[in-house]
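Spelled out, the chains give:
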Amino acid sequence: MAKLYIAANYVTSTEPAFWVPGDLENSGHLQIVYESDDGNFLELEVQGSIAAAAGANWIFVQSQDHGRTDDGIDYVTSEGEITNANRYSRVELNLENGQSAEEAWSLLNQIYNSLEGNGSGLDYDFRTQNSNSFVTTLLYAIGIDVNDYLTAVTPLDVVGFPAVETNVLLRGDNGLFDYSDGVAISVSGGDGNDHIRGGNNIDTINGGNGNDILSGGAGTDTMTGGEGADIFVGTPDELNGDTITDLEVGDRIELSGIQRSSIADSFTYSVNGSNLILSLGTRTISLVADIPEGANLALSSVESIATIVVVAPSNDAGDSRSTATTLVLNSSHSETVGSGGDSG
């Protein structure tokens, strides 16, 4: 069975293959590693050079062999055998939502391609924006927080991972190009259940088949769920202005940062052509999204997450959109709140 890992190796100022400035001696270098069904190890990373000290850009390295067969300088062979456990470690990534390693690897390569195309001017800075930032960014884009793995993956001789806190989907640095809103990505999921996150730029995300979790982040993003019961996630500010191309029965919109007391009994919505307006208390979210003819939206609020579900049309004739909406309090009780016309 294929597996996906985060790996880390030791870098030093004394070995040209892993050169870093002297003040970063004993630092760690992160990689994303894929082990195929036949036991081959591949990696995704970006690299710098000594010229990075003078402002060189990221050098993108896609799907190269992981490990070395000649001198073992990576502290791991190309067959995945660890030759120095004090200077190399890898930990298998926990892929949630039923996602397979093959599906996640395909997504990561697409995100890599978007970064290479849209972020080719990103500066490589040993201290603030480097290969560790690249790993943080890619894992974030498939719904994984790198901080959940740093303790487990840190080899004994490594004292830290410079620039691991930098995510270039949220903000990138370059003297010539404006990456202040991060780098935009365009990515399409496969047949499985994907988790895909964008950043602060204008992203295009397609979940493909499966029950996907999609988040465009800030910016006026375009999201397509595809087949399956999909979840579109974000704060009211993040989702406001976004386009959801195929909001279908069974799909959900999850709004974070919503307090139950701020919604009270005032959730309403209206549909005007392709414009869907959600009103929750004092918050208004405007989306470009169609819902199926005759369908309703049901609101369920739990702690700070407000979930809006597209529910099937009733058996009554006519279009029941823009009507009173069901607020599901729990699995055994619901009440009708809001008003916008006949209950249908």
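Our structure is the block above this text.
Description of the structure in this document.

Parameters at a glance
- Residues numbered from 1 in each chain as written.
- Predicted model: local features only at pLDDT ≥ 70, side-chain atom pairs only at ≥ 80, totals over all residues.
- Heavy atoms only, no water.
- Helix = DSSP H or I, 4+ residues; strand = E, 2+ residues; numbered from the N terminus.
- Buried < 20%, exposed > 50% of the residue type's maximum accessible area, 1.4 Å probe, protein only.
- Contact = heavy atoms within 4.5 Å.
- Pairing = 2+ DSSP bridges.
- Axes fitted to C-alpha atoms, helices over the stretch in contact; angles between N-to-C directions.
- Core = buried A, V, L, I, M, F, W, Y, C linked by side-chain atoms within 4.5 Å.
- Polar contact = N/O pair within 3.5 Å; in protein donor to acceptor, adjacent residues only side chain to side chain.
- Salt bridge = Lys/Arg side-chain N within 4 Å of Asp/Glu carboxyl O.

Helices and strands together make up the secondary structure of the protein chain, namely five helices and 20 strands. Counting over 344 residues, the protein chain shows a buried share of 48%. Within the protein chain, contacts between residues at least 6 apart in sequence are counted, and of these 53% link residues at least 24 apart.

A separate point is the environment of Asp 290. One can find Asp 290 in the loop between β16 (283–289) and β17 (296–302). Residue classification places Asp 290 among the partly exposed residues on the basis of a relative accessible area of 40%. Taking the C-alpha atoms as reference points, Asp 290 and Leu 276, 14 residues apart in sequence, are found 7.1 Å from one another. Aside from chain neighbours lying at most four places away, what touches Asp 290 is Ile 244, Leu 247, Gly 273 and Ser 274.

This next bit is on the sheet that holds strand β1 (residues 3–11). Either a parallel or an antiparallel arrangement is found when strands of a sheet pair, and the pairing is made through backbone hydrogen bonds. Pairing in this open sheet of five strands is antiparallel, and the strands run β4-β3-β2-β1-β5 from one edge to the other. Taken across any chain shown, the strands that pair with only one partner, and hence form the sheet edges, are β4 (59–65) and β5 (88–92). Neighbour-to-neighbour, the strand axes of the sheet open up by a mean angle of 25 degrees, direction not taken into account. Here strand β3 (residues 41–47) pairs with β4 via five bridges, running antiparallel. By the bridge assignment for β4, Glu 45 is matched with Val 61. Contacts from helix α1 (residues 101–118) reach β1, β2 (27–35), β3 and β4 within the one sheet, and its direction differs from that of β4 by about 155 degrees.

Here we take up the nonpolar core. If you look at the biggest cluster of nonpolar residues, it comprises 81 residues, and the most contacted ones within it are Leu 4, Ile 6, Leu 30, Phe 134, Leu 276 and Leu 278. Ranked by residues supplied to this core, first place goes to α1 with eight residues. Each residue touching Leu 4, except ones within four places of it in the same chain, is listed here: Ile 32, Val 33, Tyr 34, Val 91, Glu 92, Leu 93, Leu 95, Ala 101, Ala 104, Trp 105 and Leu 108.

Another aspect to go through is the sheet that holds strand β10 (residues 222–224). Here seven strands make up an open sheet; going across it, the order is β6-β8-β10-β12-β16-β15-β14 and the pairing mixed. Each end of this open sheet is capped by a strand with a single partner; those strands are β6 (186–188) and β14 (268–272). As paired elements, strand β8 (residues 204–206) and β10 share three bridges and run parallel to each other. Counted as the bridge partner of Thr 204 is Thr 222 from β10.

Let's shift gears to the side chain of Asn 132. On the secondary structure map, Asn 132 appears in helix α2 (residues 131–141). Asn 132 gets classed as buried once you look at its relative accessible area, which sits at 2%. Here the side chain of Asn 132 touches Pro 162 through a polar contact of 3.0 Å, landing on its backbone oxygen.

Let us now look at the pattern of salt bridges. Per the counting criterion, the structure on display carries three salt bridges. For the salt bridge of Arg 87 with Asp 157, the shortest nitrogen-to-oxygen distance reads 3.1 Å. In this pair, Arg 87 is assigned in the loop between β4 and β5 and Asp 157 in the loop between α3 (150–153) and β6, connecting sequence segments 70 residues apart. Overall, Arg 87 belongs to the partly exposed group, its relative accessible area being 22%.

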